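# Chains, contacts and geometry: an overview
Chain residues, written in single-letter form:
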Amino acid sequence: MRRAVLVGFLVFLGLDLAAEGYFVSLRWVNPPVTAFMLENTGGRNLHDYVALTYVSRYMIAATLAHEDAQLPTRFTGVNWDQWWDRVTAYFHGQKDPYGSPIPEQLSKNLLLYPEQDPVRKTLDAVLAEELVHTISKQRVLELYLNEAQFGPHIYGVCDAAWYYFGDAPDDMSLDEAYQLMGVLPSPIHAHRLPGGGIDMNPATSDGRVENYLIPGARRWVPVELSENGGWRKLMQEMKITGEAHSEPNGPDSCRTMPPDIRELIASGRS
């Protein structure tokens, strides 16, 4: 028994150190693939990187307000005062009353798996704490916006902005940001309309899902923004100043449509 406990402890310690080393590397390295992407088979995953300085301030603020408004000011990676309520809801088969904050979601996307179970939920929390004490909050947000899934095989706001709206991510409107917040809960149902935009056709099963989620986001995200002092206040708390950069050909600027997105649009496949 002692040997088994010791082996288990050493394995856990080794995995923890490996995760810590991986998070340290994220200060400089943009991950080309994540655990969630590897899980998503059956098609080619599209994922092009964009630096936070080239992302619309509307998109950043909408993401904070809707997903984790406490990220700029919270010291921890998890809202521990909500943790027990979330655990209780899980064991009673109820919906998560709060949802996972951004560091927890990012840790899961990078290193874990999509199934809902107590082991993964616990690892989410542990990894989220390590993440926020290893890299800056701005970097956490940048990585989240680049690794979040916005379509069956679309990852990151760079590809999502070009694919659905034909816009560079620095040029996204507030309404486009609202729509992508509506896509986040169920990205496998999101498809591009032939002329651009997100398909909300109630005659199809996928369209019905988005026809429910996107109007809901358009209704609630403005309320969430208002409750958190508006987009400018969220930018100040996040220590993001000035407008999004728009110079072409800057590092990770995503100022031109990625070739894979152009090809996907031309093919007519969604």
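The sections below set out a description of the structure shown in this document. (Residues numbered from 1 in each chain as written. Predicted model: local features only at pLDDT ≥ 70, side-chain atom pairs only at ≥ 80, totals over all residues. Heavy atoms only, no water.)

### What to know about the sheet that holds strand β1 (residues 46-47)
In space, the three strands of this open sheet follow the order β1-β3-β2, with mixed pairing throughout. Because the sheet does not close on itself, it has two edges, and the strands there are β1 and β2 (149-151). In terms of strand pairing, β2 meets strand β3 (residues 154-155) through two bridges, oriented antiparallel. Pairing of Gln 149 across the sheet is with Tyr 155, part of β3. (Pairing = 2+ DSSP bridges. Helix = DSSP H or I, 4+ residues; strand = E, 2+ residues; numbered from the N terminus.)

### A closer look at helix α7 (residues 137-147)
Counting buried residues along α7, ten of its eleven residues qualify, which places the element largely inside the surrounding structure. Listed as buried for α7 are Lys 137, Arg 139, Val 140, Leu 141, Glu 142, Leu 143, Tyr 144, Leu 145, Asn 146 and Glu 147. (Buried < 20%, exposed > 50% of the residue type's maximum accessible area, 1.4 Å probe, protein only.)

### A closer look at the side chain of Asp 170
Residue position: Asp 170 is located in the loop between α8 (157-165) and α9 (174-183). One polar contact links Asp 170 to Arg 255, side chain to side chain, over a distance of 2.8 Å. Not counting residues up to four positions away in its chain, the partners in contact with Asp 170 are Tyr 54, Val 55, Ser 56, Ala 244, His 245, Ser 246 and Arg 255. (Polar contact = N/O pair within 3.5 Å; in protein donor to acceptor, adjacent residues only side chain to side chain. Contact = heavy atoms within 4.5 Å.)

### Examining the packing of aromatic side chains
According to the stated counting rule, one finds four aromatic pairs in the structure shown. Centroid distance Tyr 22 to Phe 23: 6.0 Å. Interplanar angle 45 degrees. Geometry classified as tilted. Ring centres of Tyr 58 and Trp 231 lie 5.2 Å apart, and the angle between their planes is 70 degrees; this geometry places the pair in the edge-to-face category. With Tyr 58 in helix α3 (residues 57-67) and Trp 231 in helix α11 (residues 230-237), the pair connects residues that are 173 residues apart, well separated along the chain. (Phe/Tyr/Trp six-rings, centres within 6.5 Å; stacked < 30°, edge-to-face > 60°.)

### Let's talk about the pattern of salt bridges
Summed over the entire model, instances satisfying the criterion amount to seven salt bridges. With its nearest N and O atoms 3.7 Å apart, the salt bridge here joins Arg 44 to Glu 263. Residue Arg 44 is found in the loop between α2 (35-39) and β1, and its partner Glu 263 is found in helix α12 (residues 259-267); the two are separated by 219 residues along the sequence. A relative accessible area of 43% places Glu 263 in the partly exposed class. A salt bridge links Asp 175 to Arg 218, with the nearest nitrogen and oxygen atoms 2.9 Å apart. You can see Asp 175 sitting in helix α9 and its partner Arg 218 sitting in helix α10 (residues 205-227), a full 43 residues away along the chain. (Salt bridge = Lys/Arg side-chain N within 4 Å of Asp/Glu carboxyl O.)

### Topic: unusual backbone geometry
Its identity is not glycine, yet Lys 239 carries a phi of approximately 60 degrees, on the positive side. Residue placement: Lys 239 occurs in the loop between α11 and α12. Since its relative accessible area comes to 65%, Lys 239 is described here as exposed.

### Concerning the state of the cysteines
Taken as a whole and judged by the stated rule, the model has one disulfide. A disulfide bridge connects Cys 158 with Cys 254, and the sulfur atoms are separated by 1.9 Å. Between Cys 158 and Cys 254 the sulfur-sulfur dihedral comes to about 80 degrees; the bridge is accordingly right-handed. Separated by 96 residues along the polypeptide, Cys 158 in helix α8 and Cys 254 in the loop between α11 and α12 bring together distant segments of the chain. For Cys 158, a relative accessible area of 2% gives the class buried. (Disulfide = S-S within 2.5 Å.)

These figures come from the coordinates and say nothing about function on their own.
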